[in-house]
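# Topology and contacts: notes
The chain contents come next:
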Amino acid sequence: MEKNLDISALVAGICNEIDYSGVVLIKKDGETILQKASGYLNRAEELVNTMTTRFGIASGCKLFTAVGICQLVEKGMLTFETKLKDCLDIQYPHFDDDITIHHLLTHTSGIPDYFDESVMENFEDLWNERPMYKISCLKDFLPMFQNQEMMFNPGERFHYNNAGFIVLGLVIEQSTGLSFTDYIQAHVFERCGMKASGYYSLDSLPRNTALGYIDHEDGTWKTNSYSIPIKGGADGGAFINAEDMVRFWDALLDYRLMSEDVTNKLLTPHVCEKDEEFYGYGIWISKRDKEIYKYHVMGYDPGVSFHSSFYPQSGVTAVMTSNKSRGPYKIVKAVEEYIK
């Protein structure tokens with residue numbers, strides 16, 4: 001109990017120090033170790049965040065897309081070695097014919113990205129020529145990368161790629177006849193019991209959903225309503241609450257979403273990003289001394305920051321959701337010090 005009090009005090013101190021706006025939830029073997037909500041979900045109305053508040057998670061939901069693809073593999077509709085040209089009837093004039101589902105899931109396809117995080121600094125710049133309110137389904141992203149040249153040959157190296165997951169979402173749509181968001185809602189969220197989660201349009205957010213805030217150096221702020229696509233999709237943009245994210249981890253690791261064999265494929269460290277940081281299918285995997293230390297997902301957009309991890313050696317699950325552009329990272333480090 002004393003250790004629980006220590007982590008609570010430590011996290012509370014960090015939240016005060018960085019003016020954290022969001023939720024922190026830590027569980028160990030199903031028992032709640034820490035839960036804390038701070039800041040406002042709506043600053044203008046001074047509505048406070050609670051443990052049930054929904055938050056955008058940006059790229060954190062690439063894992064949901066990977067689960068969707070893995071479910072289709074389990075059903076025999078695809079394999080991980082299926083070539084993109086054989087499962088998607090969309091023309092990509094310059095894409096390599098050897099691109100496979102595995103390449104797309106592991107960011108090793110080499111296809112051009114619509115937002116290359118290694119060379120572009122401001123996500124908002126994407127909407128200067130193409131308004132964000134016109135990006136409401138996966139096909140709306142195609143003009144931003146469809147006709148560009150490959151960056152490298154498939155399988156040559158790891159390069160984080162948002163467009164690759166847009167393409168995977170399009171594969172889900174063609175394979176199932178459902179919209180991507182309808183598929184994930186029915187086959188991932190509902191199967192996990194994630195009743196508070198969904199892909200919501202920014203102009204019709206449900207009650208108890210945090211608005212994203214972008215803070216300026218002069219102390220002013222704005223919402224992120226004109227800074228991200230109006231509706232999230234296969235590469236990012238779902239809304240969840242912290243308990244729902246725990247429910248997702250539980251369902252994934254209990255093999256309620258896929259068989260043990262296919263789940264283990266998703267959780268395999270397929271490609272090394274750097275040192276002991278690896279990538280599976282839609283999920284980051286960290287090793288320490290060659291042993292898997294944590295599985296984790298993260299997401300950053302203007303007005304959104306998110307981390308969630310599962311630590312297999314300790315049974316700890318951690319979720320940090322925030323409606324500011326930064327914040328969870330310091331808390332992650334404190335949690336990991338607590339685990340150690």
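Residues numbered from 1 in each chain as written. Predicted model: local features only at pLDDT ≥ 70, side-chain atom pairs only at ≥ 80, totals over all residues. Heavy atoms only, no water.

### Things to note about the overall build of the protein chain
Note the threshold: Each helix is a run of H or I in the DSSP string that is no shorter than four residues. Each strand is a run of E no shorter than two, and both are numbered from the N terminus. Within these notes, the globule rule equals 2.2 Å times the number of residues to the 0.38 power, and the radius of gyration is based on C-alpha atoms. Whether two residues are in contact is decided by their heavy atoms, any of which lying within 4.5 Å being enough. Under the convention used here, a 1.4 Å probe and the Shrake-Rupley method define accessible areas, while residue burial counts only the protein chains that appear. Positive charges come from Lys and Arg, negative ones from Asp and Glu, while His and the chain ends are left out of the count. Charge coordinates come from a single atom per side chain, which is NZ of Lys, CZ of Arg, CG of Asp or CD of Glu.
A count of helical and extended segments in the protein chain gives 8 helices and 14 strands. Against the globule reference of 20 Å for 340 residues, the protein chain gives a C-alpha radius of gyration of 19 Å, in line with a compact fold. Relative to all contacts within the protein chain whose residues are 6 or more apart in sequence, the contacts with residues 24 or more apart total 65%. Of the roughly 15000 Å² that the protein chain leaves accessible, carbon and sulfur atoms contribute 46%. A distance of 4 Å separates the average location of the 32 positive side-chain charges in the protein chain from that of its 48 negative side-chain charges.

### Description of the side chain of S305
Applied cut-off: Accessibility here uses a 1.4 Å probe with only protein chains present; expressed as a share of the type maximum, an area under 20% marks a residue as buried, one over 50% as exposed, and anything in between as partly exposed. Two N or O atoms form a polar contact when they lie within 3.5 Å of each other; inside protein one atom must be a possible hydrogen donor and the other a possible acceptor, and for residues adjacent in sequence the pair counts only when both atoms belong to side chains.
One can find S305 in strand 13 (residues 304–311). Under the relative-accessibility criterion, S305 is labelled buried at 0%. Engagement of the side chain of S305 in a polar contact is seen with the backbone oxygen of K324, the distance being 2.8 Å. Setting aside residues up to four positions removed in sequence, S305 forms contacts with G299, Y300, M320, T321, S322, K324, S325, R326, G327 and P328.

### A word on the nonpolar core
Formally: In this description, a nonpolar core means a group of buried Ala, Val, Leu, Ile, Met, Phe, Trp, Tyr and Cys residues linked to one another through side-chain atoms lying within 4.5 Å.
F64, Y92, F145, F248 and L266 are the most contacted members of the largest nonpolar core, which has 83 residues in total. Those residues within four positions of F248 in sequence are excluded, and the remaining contacts are L63, F64, V67, V188, C192, M194 and L257. Grouped together as the second largest cluster of nonpolar side chains are 20 residues, C15, L34, V335 and I339 included.

### Concerning the packing of aromatic side chains
Let me state the cut-off plainly: By convention, a stacked pair of Phe, Tyr or Trp rings (six-membered ring in the case of Trp) has centres within 6.5 Å and planes under 30 degrees apart, an edge-to-face pair has planes over 60 apart, and any other such pair is tilted. Put simply, a charge is over a ring when the Lys NZ or the Arg CZ is close to the ring centre, within 6 Å, and near the line of the ring normal, within 35 degrees.
One pass over the full model with this rule turns up 17 aromatic pairs. Between the aromatic rings of Y92 and F95, the centroid separation amounts to 4.4 Å while the plane-to-plane angle is 10 degrees, which identifies the pairing as stacked. Comparing Y92 with F95, the two get one shared label, buried. Here K62 stacks its cationic end above the ring of F165, 5.9 Å away from the centre of that ring. Geometry around F278 places K287 over its ring, the cationic atom sitting 4.7 Å from the centre.

### Some words on the side chain of D113
Residue placement: D113 occurs in the loop between helix 3 (101–105) and helix 4 (162–176). Within the structure, D113 has its side chain in polar contact with the backbone nitrogen of N162 (distance 2.9 Å).

### What to know about the layout of surface pockets
Let me state the cut-off plainly: Using a 1 Å grid laid over the protein atoms alone, points where a 1.4 Å probe fits but cannot get out form a cavity; open sets with protein on both sides within 12 Å along at least 5 of 7 lines form a pocket; any residue with an atom within 4 Å of a point counts as lining. Grid points are joined across faces, edges and corners, and a volume is the space filled by probe spheres set on the points. In this classification, Asp, Glu, Lys and Arg are treated as charged, Ala, Val, Leu, Ile, Met, Phe, Trp, Tyr, Cys and Pro as nonpolar, and every other residue, Gly included, as polar.
In this structure, the second largest pocket spans a volume of roughly 250 Å³. Considering the residues around the second largest pocket, the lining is formed by 14 residues, among which E277, S286, K294, H296 and K333 are closest to the centre. Tallied by class, the residues present in the lining of the second largest pocket amount to 5 nonpolar, 3 polar and 6 charged.

### Remarks on helix 2 (residues 62–74)
Within an α-helix, residues lying three or four positions from one another point in the same direction, as the helix has 3.6 residues per turn. Rule in force here: Residue count minus one, scaled by 1.5 Å, sets the expected span of a helix.
The end-to-end C-alpha distance of helix 2, which contains 13 residues, comes to 19 Å, matching closely the 18 Å that a straight helix rising 1.5 Å per residue would cover. Within helix 2, 12 of the 13 residues are buried, leaving the element largely enclosed by the surrounding structure. All of the buried residues in helix 2 are K62, L63, F64, T65, A66, V67, G68, I69, C70, Q71, L72 and V73. Immediately downstream of helix 2, the backbone of G76 shows phi near 85 degrees, a positive value.

### A few points about the environment of E190
Inspection of the secondary structure puts E190 in helix 5 (residues 180–192). With 42 residues separating them in the primary sequence, E190 and Q148 have C-alpha atoms 37 Å apart.

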